[in-house]
Amino acid sequence: MSTAVYPGSFDPITNGHLDLIRRTAAIFDKVVIGILVNQSKKPLFSLEERTEMIRKVTEDIPNIEVYPFSGLVVEFAKEHDVNVLIRGIRSTTDFEYELQMAQINHKIDDKIDTLFFATDPGYSFISSSAVKELWYYHQDIREYVPDYVIQKLQEKEI
Ligand code: PNS
């Protein structure tokens, strides 16, 4: 069975992430989504909220599992018996950073490879940070995140 790990912070999940999850799920038998428990960053959404949001907006995709992880993504992948990491590339800036990360991960464990997806141009300028900033300044973000995420942002009252 072919399985890929798609790791990220997902604070919150965007339509760009969702597009990548769908495209990965169409190629691999299973997609394991790893949500980073980042001790150094204070996320807007708790781990439980991020997990619940991802589960909710992917409920029509059957071959998905969602787990939190802390520490190295390579270790998380190994725990799930997976050798393939998925990341999206929006720009050359992403490329520089992602290339370095892929090379480090491969150096840590040479069985681990990273597959890059070219982000759909419609989502190439979207990031979780941009979404949060636009929301904070009362901009319309309906194009960028699922409706359910907007509901959750409304509940935060920021
Ligand atoms: O959605 P993000 O914040 O761009 O995702 C970044 C993520 C989670 C993929 C990356 O920070 C990560 O893998 N962190 C875990 C620590 C690790 O394994 N680092 C790789 C070696 S530098």
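Read on for an overview of the structure. (Residues numbered from 1 in each chain as written. Predicted model: local features only at pLDDT ≥ 70, side-chain atom pairs only at ≥ 80, totals over all residues. Heavy atoms only, no water.)

**Description of the overall build of the chain**
Heads up, the condition is: Think of it this way: any DSSP run of H or I at least four residues long counts as a helix, any run of E at least two long counts as a strand, and we number them from the N terminus. For a compact globule the rule gives 2.2 Å times the number of residues to the power 0.38, and the radius of gyration it is set against comes from C-alpha atoms. Relative accessibility decides the category of a residue: with a 1.4 Å probe and only protein chains considered, values under 20% of the type maximum give buried, values over 50% give exposed, and everything between is partly exposed. When checking whether two residues touch, look at their non-hydrogen atoms; a contact exists if any pair is within 4.5 Å. For the accessible areas, the method is Shrake-Rupley and the probe is 1.4 Å, while residue cover comes only from the protein chains on display.
Looking only at helices and strands, the chain has 6 helices and 5 strands in total. When the elements of the chain are put in sequence order from the N terminus, they spell out β-α-β-α-β-α-β-α-β-α-α. For 158 residues, the compact-globule estimate of 2.2 N^0.38 gives 15 Å, and the C-alpha radius of gyration of the chain, at 15 Å, lies within 12% of that figure. Considered along the principal axes of its C-alpha atoms, the chain spans approximately 45 × 30 × 30 Å. Counting only residues that meet the buried cut, the chain has 45% of its 158 residues in that class. Restricting to contacts in the chain with at least 6 residues of sequence separation, those with at least 24 account for 75%. Surface accessibility of the chain: about 9000 Å² in total, with carbon and sulfur atoms responsible for 50%.

**Observations concerning the pattern of salt bridges**
Put simply, the rule reads: Salt bridge, as used here: a side-chain nitrogen of Lys or Arg that lies within 4 Å of a carboxyl oxygen of Asp or Glu.
On inspection of all chains with the given rule, the structure shows 11 salt bridges. We note a salt bridge from D19 to R23, for which the minimum N-O separation is 3.1 Å. Here the residue D19 and the residue R23 both occupy positions in helix α1 (residues 15-27), the gap between them amounting to 4 residues, near one helical turn. Here K30 and E65 are joined by a salt bridge, their closest N and O atoms 3.5 Å apart. Separated by 35 residues along the polypeptide, K30 in strand β2 (residues 30-36) and E65 in strand β3 (residues 64-69) bring together distant segments of the chain.

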